[in-house]
Amino acid sequence: MLSRRMETVKTLLRVRERLEDLRAMELAASLRARDDARAQRDRVAESLRDNLMERARAQRNRFQPAIMRHRAQYERYLAQLLDAADATLRQREQEVEERRAVLIEAARDRKVMEKLKEKVNQAYQAGLLRLERRELDDLTSARSHSGSFFQERFDRGVNHEIRVDRDRGGGFIRGIAGGGDGPDGTSQRGKPGPVERG
């Protein structure tokens, strides 16, 4: 159960990391678009300044009125371009702020998932330690019970020993200490074993 939860959290963390990367790429694209809009606005503003300077120079040198009208129309056109470039730049800056907020939220989600992963990992490790302790306790209790079982039988005198009868090529079982070692609770001492009867 914990391993399944750990895998789920790892998967969710990978999704959050990829989502954060995607949001970072979107922010980078918005920053590039904003920089392009700013550069466009700066070019239009510079063209407008140059045109104003040329018109002022033309007025001092008394150019023809047709040229002056043409410069005034071009000025109005550049002013409109500048207004549009300013609006585009404001829009791009607003997009950058929105994308930055989305990226901050994605980073926050990723950090939350990292903390969750750490907690699940700690719970998983604690569960493994509990399982290991339980298994060790079971082994220890099984060993202590098996040791005490044989010790009790020895103390009651029911321990058996296997001897090999070299003359007959077989073995027989004989009780070595005290009564109660037979199947019916009676002493089997001195009675021949199944191998000796044949």
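Residues numbered from 1 in each chain as written. Predicted model: local features only at pLDDT ≥ 70, side-chain atom pairs only at ≥ 80, totals over all residues. Heavy atoms only, no water.

This brings us to the overall build of the chain. Looking only at helices and strands, the chain has 2 helices and 2 strands in total. Counted from the first residue to the last, the chain has its helices and strands arranged as α-α-β-β. Across the 198 residues that make up the chain, the buried fraction comes to 19%. For the chain, contacts bridging at least 24 residues in sequence account for 58% of all contacts bridging at least 6. Surface summary for the chain: the accessible area is close to 15000 Å², and the carbon and sulfur share equals 52%. (Helix = DSSP H or I, 4+ residues; strand = E, 2+ residues; numbered from the N terminus. Buried < 20%, exposed > 50% of the residue type's maximum accessible area, 1.4 Å probe, protein only. Contact = heavy atoms within 4.5 Å. Areas by Shrake-Rupley, 256 points an atom, 1.4 Å probe, with all protein chains shown as cover.)

Side chains of Glu132, Glu135, Asp137 and Asp138 sit close together on the surface and give a patch of like negative charge. Mapped onto the elements, Glu135 comes out in helix H2 (residues 65-156). Residue classification places Glu135 among the partly exposed residues on the basis of a relative accessible area of 46%. (Patch = residues over 30% accessible without salt bridge, like charges linked within 9 Å, V, L, I, M, F, W, Y side chains within 5 Å. Salt bridge = Lys/Arg side-chain N within 4 Å of Asp/Glu carboxyl O. Lys, Arg positive; Asp, Glu negative; His and termini not counted. Charge placed at Lys NZ, Arg CZ, Asp CG, Glu CD.)

Moving on, we get to the pattern of salt bridges. In the structure shown here, the tally under the stated rule is 12 salt bridges. Two residues, Arg92 and Glu95, come together in a salt bridge whose shortest N-O distance is 3.3 Å. Taken together, the residues Arg92 and Glu95, both in helix H2 and 3 residues apart, mark about one turn of the helix. For the salt bridge of Arg100 with Glu97, the shortest nitrogen-to-oxygen distance reads 3.1 Å. With Arg100 and Glu97 both in helix H2 and 3 residues apart, the pair spans about one turn of that helix. Taking relative accessible area as the criterion, Glu97 reaches 46% and is therefore assigned partly exposed.

Okay, a nonpolar patch on the surface next. A contiguous nonpolar patch, built from Tyr74, Tyr77 and Leu81 and spanning about 270 Å² of accessible area, is present on the exposed surface. Residue placement: Tyr74 occurs in helix H2. On the basis of relative accessibility, which here comes to 37%, the residue Tyr74 falls in the partly exposed class.

On the secondary structure map, Thr8 appears in helix H1 (residues 2-61). Looking at Thr8, the relative accessible area reads 41%, which means it is partly exposed. Counting along the chain gives 109 residues from Thr8 to Lys117, while the straight-line C-alpha distance between them is 9.4 Å.

In this structure, Asn51 sits in helix H1. Among the polar contacts made by the side chain of Asn51, one reaches the side chain of Glu75 at a distance of 3.5 Å. Residues contacting Asn51, with those up to four places away along its chain left out, are Arg71, Tyr74, Glu75 and Leu78. (Polar contact = N/O pair within 3.5 Å; in protein donor to acceptor, adjacent residues only side chain to side chain.)

Once that is clear, we can look at the confidence of the model for the chain. Scored by pLDDT, the chain comes out at a mean of 77, with 71% of its residues at no less than 70. The spread of mean pLDDT over the elements of the chain runs between strand E1 (residues 160-165), the lowest at 45, and H1, the highest at 88. This stretch, residues 158-167, has a pLDDT under 50; its non-local contacts, to residues over four places away or in other chains, come to 28 contacts. Counted against residues more than four places away or in other chains, residues 170-179, with its pLDDT under 50, gives 34 contacts. (pLDDT = per-residue confidence, 0-100.)

Below, the discussion takes up the side chain of Glu20. The residue Glu20 is located in helix H1 in this model. Apart from residues no more than four positions distant in its own chain, Glu20 is found in contact with Leu103, Ala106, Ala107 and Arg110.

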